[in-house]
Amino acid sequence: MKERDLMLLHYITGIGILVFGSIHIATVFLTYPFQGTIWETTLRFDSIPYAILPVYRNALLAASLFGLLLCTTIHAMNGLRSIIAELIGARKRWVETLLVAVGAFLLVYGTRTILIANALV
Amino acid sequence: MVERVKFRVFRYRPEDGGRGIYREYEVPVKKGMTILDGLIYIKENLDPTLSVRYSCRMAICGSCGVRVNAIETLACHTQILELRRRLITVEPMRNYPLIKDLVTDMAPLFRKQKALMTWLIRQDTEEQENPTRQYLQSEEELERYLQFTYCIQCGLCYSACPVVSTFPDFYGPQPLMKAYRYYADSRDEGGVVRTRLVDRFEGVWRCHFAGSCSAVCPKGVDPALAIQLLRRAALKG
């Protein structure tokens, strides 16, 4: 892949994070009035399955969550690729391979989580 | 009126193999004296072993680039009294191999300029061999790249670039700016080749837009802008 394509992808995924991240945060906010719990409870980790999951059992929101996962993974791995190469002063094939592997793992694990949250598996 | 200012000058001899030391010299300063005048005073009166590179003494040749109080500047372009300091630290530019004292090896800068083919590329070799006409340009076409022609290749921007410090393979502001200067020139026909050259890992994409290159340029050139314009050109292909 050409460097310009990677960087274009970097910019697009950056915008994607902004869009899908906003939807995600807005969704978390929306859980408050629907669940009737106090805000603190909504954000507590142990309350998440009860507070947020019902809201996410919606195909559009699940798709936006997947979009957020995809954009964050690509953006983060490409950003790390640049940072590491600039820090060590050279591009290393094994570093890039490792980042692709980590990115693929995050995508698979994240997708599994989204599917479970949506009661699709 | 004469004031006495202390110069703290970086000294380095490659044969000593060390990292260099700072030596202090007291210099009598009159109004209008530049850092270069102070260094020449040291060389002529206090320490003839001091090495400093200079030529025109009027900010045209770009030979006397140094760091004064940690900021890149031309020694001939900086008046001592305007600094309003009793102690002035003079160091060589960063990001270049050191030759001796304040003299750096500019080879990396010129090597990268060459790698980016920073000259007019044209297909009409016959016309260039036996010219029959002028390559005319409109004012608008000239203005697209005019400010970038003011570069005197002093290399201060390359020294100030934080990315080159950590990632020496990065082409750096001056070579990239010069690549844009020719890319934007209506007489040039090497746009595709040049955008391919800058579209590498060590090319335009590594610029973090710190802007220090533009801040230190003694000629008011804006290499950071040129890099952003070159990015746009690279995206267009």
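Shown above is the structure to which this text applies.
Residues numbered from 1 in each chain as written. Chains lettered and ligands numbered in written order. Predicted model: local features only at pLDDT ≥ 70, side-chain atom pairs only at ≥ 80, totals over all residues. Heavy atoms only, no water.

Let us now look at the side chain of His10 of chain A. Residue and element names in this part refer to chain A. Along the chain, the position of His10 falls in helix 1 (residues 3-35). Its relative accessible area of 14% is what places His10 among the buried residues. Polar contacts involving the side chain of His10 include one to the side chain of Asn78, which spans 3.2 Å. Discounting chain neighbours no more than four positions away, the residues touching His10 are His75, Asn78 and Gly79. (Helix = DSSP H or I, 4+ residues; strand = E, 2+ residues; numbered from the N terminus. Buried < 20%, exposed > 50% of the residue type's maximum accessible area, 1.4 Å probe, protein only. Polar contact = N/O pair within 3.5 Å; in protein donor to acceptor, adjacent residues only side chain to side chain. Contact = heavy atoms within 4.5 Å.)

Residue and element names in this part refer to chain B. One pass over the structure, following the stated rule, counts 22 salt bridges over all chains. With a closest N to O distance of 3.6 Å, Arg13 and Glu15 form a salt bridge. Assessed through its relative accessible area of 54%, Glu15 is described here as exposed. Glu91 is the partner of Arg67 in a salt bridge, and the nearest nitrogen-oxygen pair spans 3.3 Å. Taken as a pair, Arg67 in strand 3 (residues 65-68) and Glu91 in strand 5 (residues 87-91) lie far apart in primary sequence, 24 residues in all. Exposure class is identical for Arg67 and Glu91. Each is buried. (Salt bridge = Lys/Arg side-chain N within 4 Å of Asp/Glu carboxyl O.)

Right, let's talk about unusual backbone geometry for a bit. Residues and elements named next belong to chain B. Positive phi, close to 70 degrees, is recorded for Ala70, a residue that is not glycine. When you line up the elements, Ala70 lands in the loop between strand 3 and strand 4 (71-74). One non-glycine residue with positive phi stands out, namely Gln153, at about 60 degrees. Overall, the relative accessible area of 28% leaves Gln153 in the partly exposed class.

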